[in-house]
Amino acid sequence: MTPIRTAIALSALLMLAACASPTARTARTEGSAATPATRHASTLDTVMQRGVLKACIPGDYKPFGFLLPSGQYEGIDVDLAQSLAKAMGPNVKVDYVKTSWAKLMDDFTGGACDIGIGGISVTTDRQKRAFFSAPYMANGKTPVVRSADVPKFQTLAAIDQPSTRAIANPGGSNERFAKSSYKQAKLTIHTENLTIFDEILAGRQDIFVTEAAEALVMQRQKPGLCAVNPDKPLQYGEIAFLLPRGDTVMKQFVDQWLHLARASGEYAGIENRWLR
């Protein structure tokens, strides 16, 4: 096509575009304007209107979320949830909803809370039912054993022996790791997460594989226990907040808040408070 014909064709297209009827233009404008009105409100909007951020938390996982005898919660995720609530509004408060690892996903998807916190590992099984925030900590599976047994349990192959007495808590990623990894070791599912470490110290169990952060805290708090190679975990893992599936507005807000908390040093201050 010659330059003249090309110019004529282009002019014709522009004229057609310019000659679109006012009715057609109005219809497009009205359709565009009507779209936002049909969208469902985000959990973010609900929380801001309610003034309360409901957070499901098992409350038995140091240093992320731990229920004190006083009824108060403490830990990394508790401090982070308070910061998130403040970002949502100066008067937004956190309401902690007690759950368990076995019931966490059912409680969360059943509408008991707006977010899930307390040291939640990112897994594809959980991702099928919910969104995750951007992970805020890489935190792989690490063995906790008696100090004298550290040389004995350096690898998964060394752990998975008929003579090994392994223990795990029910309902979470620790149980899934144990059941998928141990073919020979004797596995006990212990319903009380807080006393698992005492079982090892008492000599009734040999090993508990948990996240590196908890392993290091227990090593510090319970003399006689040792985290085995926490810098070289048996399985890579990440910790994040649980968020409502499909709610991109809520996820984008939480991820942006977390990004700013990292950039400002707020997150580092919270982590250092509980890990050092």
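A quick note: this is a predicted structure, and the numbers were derived from the prediction, not measured.

Thresholds applied
- Residues numbered from 1 in each chain as written.
- Predicted model: local features only at pLDDT ≥ 70, side-chain atom pairs only at ≥ 80, totals over all residues.
- Heavy atoms only, no water.
- Pairing = 2+ DSSP bridges.
- Helix = DSSP H or I, 4+ residues; strand = E, 2+ residues; numbered from the N terminus.
- Buried < 20%, exposed > 50% of the residue type's maximum accessible area, 1.4 Å probe, protein only.
- Lys, Arg positive; Asp, Glu negative; His and termini not counted.
- Salt bridge = Lys/Arg side-chain N within 4 Å of Asp/Glu carboxyl O.
- Polar contact = N/O pair within 3.5 Å; in protein donor to acceptor, adjacent residues only side chain to side chain.
- Contact = heavy atoms within 4.5 Å.
- Core = buried A, V, L, I, M, F, W, Y, C linked by side-chain atoms within 4.5 Å.
- Axes fitted to C-alpha atoms, helices over the stretch in contact; angles between N-to-C directions.
- Parallel < 35°, antiparallel > 145°, perpendicular 65-115°, else oblique.
- Left-handed = near helix turned anticlockwise from the far one by under 90°.
- Nonpolar A, V, L, I, M, F, W, Y, C, P; charged D, E, K, R; others polar.

(A) Representation of the sheet that holds strand β3 (residues 65-67) within the structure. Reading across from one edge, β2-β3-β4 is the order of the three strands in this open sheet, with antiparallel pairing throughout. The outermost strands of the open sheet, each flanked by one partner alone, are β2 (60-61) and β4 (73-74).

(B) View of the side chain of Asp-60. In this structure, Asp-60 sits in strand β2. Of the side chains bearing the opposite charge, Lys-98 lies closest to the buried Asp-60, which forms no salt bridge; the N-O distance is 5.9 Å. At a separation of 2.9 Å, a polar atom in the side chain of Asp-60 contacts the side chain of Trp-101. The residues touching Asp-60, leaving out its near neighbours within four places in the chain, are Gly-65, Phe-66, Trp-101, Asn-193, Leu-194 and Glu-214.

(C) Highlighting the nonpolar core. Ranked by size, the top nonpolar core spans 45 residues in total, and within it Leu-53, Tyr-96, Ile-115, Tyr-136 and Phe-241 carry the most contacts. Element by element, the count of residues in this core is highest for helix α4 (residues 76-88), at seven residues. Leave out the neighbours within four places in its chain, and Tyr-96 touches Ala-55, Ile-57, Tyr-73, Val-78, Ala-81, Gln-82 and Ile-117. Membership of the second largest hydrophobic core comes to 14 residues, among which are Val-145, Phe-153, Tyr-182 and Ala-185.

(D) Region of interest: the sheet that holds strand β9 (residues 141-146). Read from one edge to the other, the open sheet built from five strands follows the order β11-β10-β12-β9-β13, with strand pairing classed as mixed. Strands at the two margins of the open sheet, each flanked by one partner only, are β11 (186-189) and β13 (225-227). If you compare each strand with its neighbour and ignore which way they point, the axes differ by 30 degrees on average. As judged from the two bridges shared by strand β10 (residues 165-168) and strand β12 (residues 207-211), these two strands associate in the parallel manner. By the bridge assignment for β12, Ala-166 is matched with Ile-207. Here helix α8 (residues 173-181) sits on the sheet and contacts β9, β10, β11 and β12; the angle it forms with β12, its principal contact strand, is near 130 degrees.

(E) Focus on the pairing of strand β1 (residues 52-57). Of the strand pairs in this sheet, β1 and strand β5 (residues 93-98) are connected by six bridges, and their pairing is parallel. Considered in β5, the bridge of Val-52 is made with Lys-93. Looking at chain direction, β1 and strand β6 (residues 115-121) are connected through two bridges and run parallel. Counterpart to Ala-55 in the pairing with β6 is Ile-115.

(F) How the structure looks around the packing of α4 against helix α12 (residues 266-275). At a minimum axis separation of 9 Å, α4 and α12 run at an interaxial angle of 155 degrees. By the angle between their axes, α4 is roughly antiparallel relative to α12. Between α4 and α12 lies a crossing whose hand is right-handed. Contacts between α4 and α12 pair Ile-76, Asp-79, Leu-80 and Ser-83 from the former with Glu-266, Tyr-267, Ile-270, Arg-273, Trp-274 and Leu-275 from the latter. Its residues assigned to classes, the contact of α4 with α12 shows six nonpolar, one polar and three charged.

(G) Inspection of unusual backbone geometry at higher detail. A cis amide bond links Lys-62 with the next residue in sequence, Pro-63, at an omega value of 5 degrees. Relative to the helices and strands, Pro-63 resides in the loop between β2 and β3. Non-glycine residue Asn-229 carries a positive phi angle of around 50 degrees. With respect to the helices, strands and loops of the structure, Asn-229 is situated in the loop between β13 and β14 (238-243).

Function cannot be inferred from these measures alone, as they are strictly geometric.
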